[in-house]
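# Residue-level structural notes
The lines below spell out each chain.
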Amino acid sequence: MYIETKEIGPEGLIVDRVIEAFQLRLRDSEEIRVGRSRLSGELLKAGGISFSGDIETSATLPCSRCLESYPLPLDLHFNLLYTVRPEHATRTESRVDEERVTMTQFDGGRIDLAALLAEQVYLGLPLKPLCRADCRGLCPQCGTNRNQGTCGCQEARAEDPRLLIFKKLL
Ligand SMILES: [Zn+2]
Ligand SMILES: [Zn+2]
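Computed from a predicted structure; not experimentally measured.

## Notes on the environment of Glu-20
Here Glu-20 lies in the loop between strand E2 (13–19) and strand E3 (22–25). In this structure, the C-alpha to C-alpha distance between Glu-20 and Val-34, residues 14 residues apart in sequence, is 8.7 Å. A distance of 3.3 Å separates polar atoms of two side chains, one belonging to Glu-20 and the other to Arg-36.

## A closer look at the side chain of Asn-145
The residue Asn-145 is located in the loop between helix H1 (113–124) and helix H2 (152–158) in this model. Here Asn-145 is in contact with Cys-66, Glu-68, Gly-137 and Leu-138, once residues within four sequence places are set aside.

## Remarks on the coordination of the zinc ion (ligand 2)
Protein ligation of the zinc ion (ligand 2) involves Cys-139 (SG), Cys-142 (SG), Cys-151 (SG) and Cys-153 (SG), the donor distances falling in the range 2.2 to 2.4 Å. Considering all four donor atoms around the zinc ion (ligand 2), the spread of angles at the metal, 106 to 114°, places the coordination shape in the tetrahedral class. If you list the donors of the zinc ion (ligand 2) from N- to C-terminus, the spacing comes out as C-x2-C-x8-C-x1-C. Here Cys-142 is found in the loop between H1 and H2, whereas its partner Cys-153 is found in helix H2, with eleven residues between them in sequence.

## Things to note about the confidence of the model for the protein chain
Averaged over all residues, the pLDDT of the protein chain equals 86, while 81% of them reach at least 70. Predicted confidence in the protein chain is weakest over strand E8 (residues 92–96), with a mean pLDDT of 55, and strongest over E2, with 97.

## Brief notes about the nonpolar core
One recurring pattern in soluble globular proteins is that nonpolar side chains are buried together. By size, the foremost hydrophobic cluster in this structure holds 34 residues, and its most contacted members are Leu-39, Leu-43, Phe-51, Tyr-82, Leu-116, Val-121 and Leu-125. The element that contributes the greatest number of residues to this core is strand E7 (residues 69–84), accounting for seven residues. Not counting residues within four places of it along the chain, the set of residues in contact with Leu-39 comprises Val-15, Asp-16, Arg-17, Ile-19, Phe-51, Asp-54, Ile-55, Phe-78, Leu-113, Leu-116 and Leu-117.

## A short note on the packing of aromatic side chains
Tallying each qualifying case throughout the model produces two aromatic pairs. Taken together, a centroid distance of 5.1 Å and an interplanar angle of 90° make the contact between Phe-51 and Phe-78 edge-to-face. Residue Phe-51 is located in strand E6 (residues 48–62), and its partner Phe-78 is located in strand E7; the two are separated by 27 residues in the primary sequence. Taken individually, Phe-51 and Phe-78 each receive the classification buried, so the pair is uniform in this respect. Aromatic side chains Tyr-82 and Phe-106 sit 5.4 Å apart centroid to centroid with 65° between the ring planes, which places their arrangement in the edge-to-face category. With Tyr-82 in strand E7 and Phe-106 in strand E9 (residues 99–106), the pair connects residues that are 24 residues apart, well separated along the chain. Over the face of the ring belonging to Tyr-2 we find Arg-110, whose NZ or CZ atom lies 3.7 Å from the ring centre.

About the criteria used
Residues numbered from 1 in each chain as written. Chains lettered and ligands numbered in written order. Predicted model: local features only at pLDDT ≥ 70, side-chain atom pairs only at ≥ 80, totals over all residues. Heavy atoms only, no water. Helix = DSSP H or I, 4+ residues; strand = E, 2+ residues; numbered from the N terminus. Polar contact = N/O pair within 3.5 Å; in protein donor to acceptor, adjacent residues only side chain to side chain. Contact = heavy atoms within 4.5 Å. Donors = N, O, S within 2.8 Å, 3.2 Å for Na, K, Ca; no water. Tetrahedral: all angles 85-135°; square planar, octahedral: opposite > 155°, others 65-115°. pLDDT = per-residue confidence, 0-100. Core = buried A, V, L, I, M, F, W, Y, C linked by side-chain atoms within 4.5 Å. Buried < 20%, exposed > 50% of the residue type's maximum accessible area, 1.4 Å probe, protein only. Phe/Tyr/Trp six-rings, centres within 6.5 Å; stacked < 30°, edge-to-face > 60°. Lys NZ or Arg CZ within 6 Å of the ring centre and 35° of its normal.

Spelled out as structure tokens, the structure:
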């Protein structure tokens, strides 16, 4: 899905698009599912092309503690500036008016919305996703998901070794 730059008039262009669900590849072979997304925003020709807007979507990704996949709603805001300079394929970031604007070089012809979405979702993912704030994780000894049940290991660990000495004495 693309936006042709010639569609952008002197007053700019308002976009509101729905992008179907897709698999997003993270590092290595890890993939997460990104649900149906709504991407809305405004493009303006100003030097390059500025594109600011919002993304409403959700990602299904594994919890960093218990490893169970869970759906995470994402409400993302982006501020991009596309500049036409194909000879420099590098990316820079700079601060403009307190808001972070990401500079992206493109060929000048069209903007790839699927690439924009994939990148913004990637940047918007939490570093340590949690299925819930108080996720109890996995038992380090037997691997039981502590959100779903308890295991014998917890009882053994709860017993203070100093008290065991007293038990022996009794
Ligand atoms: Zn969890
Ligand atoms: Zn256990």
